[in-house]
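# Reading the structure
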Amino acid sequence: MFPALPFTHDPAALELRPRNRFVLRATDLSTRALTGQAGTFARSSAATLFDVNGAVVLVPANVERFTAVDLDGDGIRETLAWWLERAATNLAIRSEDFSAWTATNSPTRTAAAKLCGDLVLDLLGDASGASVADYRESIDFTGDSVKGVSVFVAMGTSPAAAGSAIAIVDETAAADRLRATITFSSAGVPSVTAAAGTYLGAEPCTPGVYRLHFLTTSVTAANDHRVQLEPAATAAEQGNLYAGGVQVEDTPYPTSYIPTVATTVTRAAETLTFPLGWQPSDCTLWVSIARPFWQRANANDLAIALGTTERRLLEVGCGSLTVAVRVLENGDTYAAASDGAFTNGAASYAGAVSALPQLDITAQFRNLLTGTEGRLAYGAAAFSAWNVTTKIAATPVTAPSWGSAPLITLAGDIALLACHIGAGLKTRDQVQAL
Ligand SMILES: [Ca+2]
Ligand SMILES: [Ca+2]
């Protein structure tokens, strides 16, 4: 008897491979998708990334950033991700050189005392037994809101027993918008408590160096502010601390490090664009995102524009412990109710989202040429119901608006692991398969 032929009548299985139209994986370290499309990456400024050892690496303009991230929290950066961030500005000038900062109560400084790849840390000290010595400089905020603050530190040669401190001080109101005390274990692991503002966590870098991430309380931009580093936060104590890479941003969370010298520096927005040689009517999108802790405070992680006229098809936000998908057109929410309507209401699962180091999102889009409906799944969740409230009915997405060479554009504040698009309505497993 002949063995059974490897044959199936399942149409979905039969058409799986030829209809998986776009496959991009960060681990390929290539701007060419596995399915052949040549990507165009753009960032009009320099930037930084972390190598697998946690060292800061300077990257020139328009060079993509494959950065090493630690998904399982063991301090080893085992996963390569494609970093795509929105624009951000480091408002702290001389971010690695405290010689031009204002020195109060005669702090000591050893220049360039430690390196973290291309990043330089100074050794800052307090030699007074009667006062708090600090380095400080003015910060000029724009907008009344919570701000992201970050700094690279390492345990000094003689740490203060009660710790060092970083602060954002509102000089007009005489109030701290951030005040965090930093102590170290005998092994040099930082322990941080915030008396004002929020401590997000420490990111291990090269051995002994950590990047600390903070949020301020809401600032009043019209007031005068300063950022301040205190090697010994208690007046009666002396001690020192390695510090560098100070970053203060108007973004509501810290972003990747932006070195500054004499002026503030803006890291330009990054986009990654691929031509698609087909015009989808139905398609399924799967996106996998690395979510190290520093990234989980972001309100909007990923924007995907599909089409030649910045028709943003999907925006994924994870800032409020839920995953939401919005169908947008020209960057505006098309249906006001869409965000809430698409939010998966399962509170128990939604609560777990913020703790996940990796987020897998599958979205199906139906009737793209005549008015879009979408539905969403993430993690182990099933697809929600088709959401007709977000249907783009008023201005249907007609075929000509896709143009002769449809595009997909990826942007946001993410560490992208993979992005697949399958023609037709697929399950997550099917669209992941290639
Ligand atoms: Ca790891
Ligand atoms: Ca002192």
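How each quantity is defined
Residues numbered from 1 in each chain as written. Chains lettered and ligands numbered in written order. Predicted model: local features only at pLDDT ≥ 70, side-chain atom pairs only at ≥ 80, totals over all residues. Helix = DSSP H or I, 4+ residues; strand = E, 2+ residues; numbered from the N terminus. Buried ≥ 20, exposed ≤ 12 C-beta atoms within 10 Å, placed from the backbone. Pairing = 2+ DSSP bridges. Axes fitted to C-alpha atoms, helices over the stretch in contact; angles between N-to-C directions. Core = buried A, V, L, I, M, F, W, Y, C linked by C-beta atoms within 7 Å. Domains from an automatic or database assignment. Contact = placed C-beta atoms within 7 Å. pLDDT = per-residue confidence, 0-100.

## Some details on the overall build of the protein
In terms of helices and strands, the protein carries 4 helices and 31 strands. Put simply, the protein has 434 residues, and 47% of those count as buried.

## Considering the sheet that holds strand β19 (residues 239-249)
Strands sit in the order β9-β10-β19-β12-β17-β16 across an open sheet of 6 strands; the sheet is antiparallel. Only two strands of the sheet have a single partner each, and these edge strands are β9 (108-116) and β16 (198-204). With strand direction ignored, the average angle separating the axes of adjacent strands in the sheet is 30°. Here 6 bridges tie β16 to strand β17 (residues 209-215), and the two strands are oriented antiparallel to one another. Among the inter-strand pairings, Gly201 is bridged to a residue of β17, identified as His213.

## Topic: the nonpolar core
Counting 94 residues, the largest nonpolar core has Ala81, Phe152, Val153, Ala243, Ile289 and Leu416 as the members making the most contacts within it. Summarising the domain contributions, this core has at least three residues from each of domain 1 (11-87 + 269-432) and domain 2 (90-265). In this structure, Ala243 is in contact with Leu121, Asp122, Leu124, Val151, Phe152, Val153 and Leu229, ignoring residues within four places of it in sequence.

## Concerning the pairing of strand β21 (residues 271-275)
Residue alternation in β21 divides its side chains into a buried set, Leu272 and Phe274, and an unburied set, Thr271, Thr273 and Pro275. Pairing between strand β2 (residues 40-42) and β21: 3 bridges, direction antiparallel. If you follow Ala42 over to β21, its bridge partner there is Thr271. Inspection of the sheet shows β21 paired to strand β30 (residues 407-412) by 4 bridges, in the antiparallel sense. Bridging from a neighbouring strand, Thr273 pairs with Thr409 of β30.

## Quick notes on the pairing of strand β15 (residues 190-196)
As paired strands, strand β14 (residues 175-184) and β15 are joined by 6 bridges and run antiparallel to one another. Across the sheet, Ala180 pairs through a bridge with Ala194, a residue of β15. Where β14 hands over to β15, the hairpin turn is made up of 5 residues, of which Gly188 adopts a positive phi near 90°.

## Side note on the sheet that holds β14
Pairing in this open sheet of 6 strands is antiparallel, and the strands run β8-β11-β18-β13-β14-β15 from one edge to the other. A strand with exactly one partner marks an edge of an open sheet, and here the two such strands are β8 (102-104) and β15. Between one strand and the next, the sheet's axes are offset by a mean angle of 20°, whatever the strand orientation. The pairing of strand β11 (residues 134-139) with strand β18 (residues 225-230) spans 5 bridges and is classified as antiparallel. By the bridge assignment for β18, Tyr135 is matched with Leu229.

## Observations concerning unusual backbone geometry
For Leu29, which is not a glycine, the phi torsion comes out positive at approximately 50°. As for its position among the elements, Leu29 is in the loop between β1 (20-25) and β2. For Leu29, a count of 10 C-beta atoms within 10 Å puts it in the exposed group. One non-glycine residue, Ser106, adopts positive backbone phi at about 55°. Tracing the backbone through its elements, the reader meets Ser106 in the loop between β8 and β9.

## Side note on the confidence of the model for the protein
Summarising the model, the protein shows a mean pLDDT of 81, and 74% of its residues fall at 70 or more. Counted against residues more than four places away or in other chains, residues 389-400, with its pLDDT under 50, gives 30 contacts.

## Quick word on the environment of Ile258
The residue Ile258 is located in the loop between β19 and β20 (265-267) in this model. Discounting residues that sit within four places of it in the chain, Ile258 has contacts with Ala88, Asn90, Gln247, Val265 and Arg267.

## Structural notes on the environment of Gly54
Mapped onto the fold, Gly54 is located in the loop between β3 (47-50) and β4 (56-59). The buried category is assigned to Gly54, around which 21 C-beta atoms lie within 10 Å. Taking C-alpha positions, Gly54 is 9.1 Å from Gly75, a pair spaced 21 residues apart along the chain.

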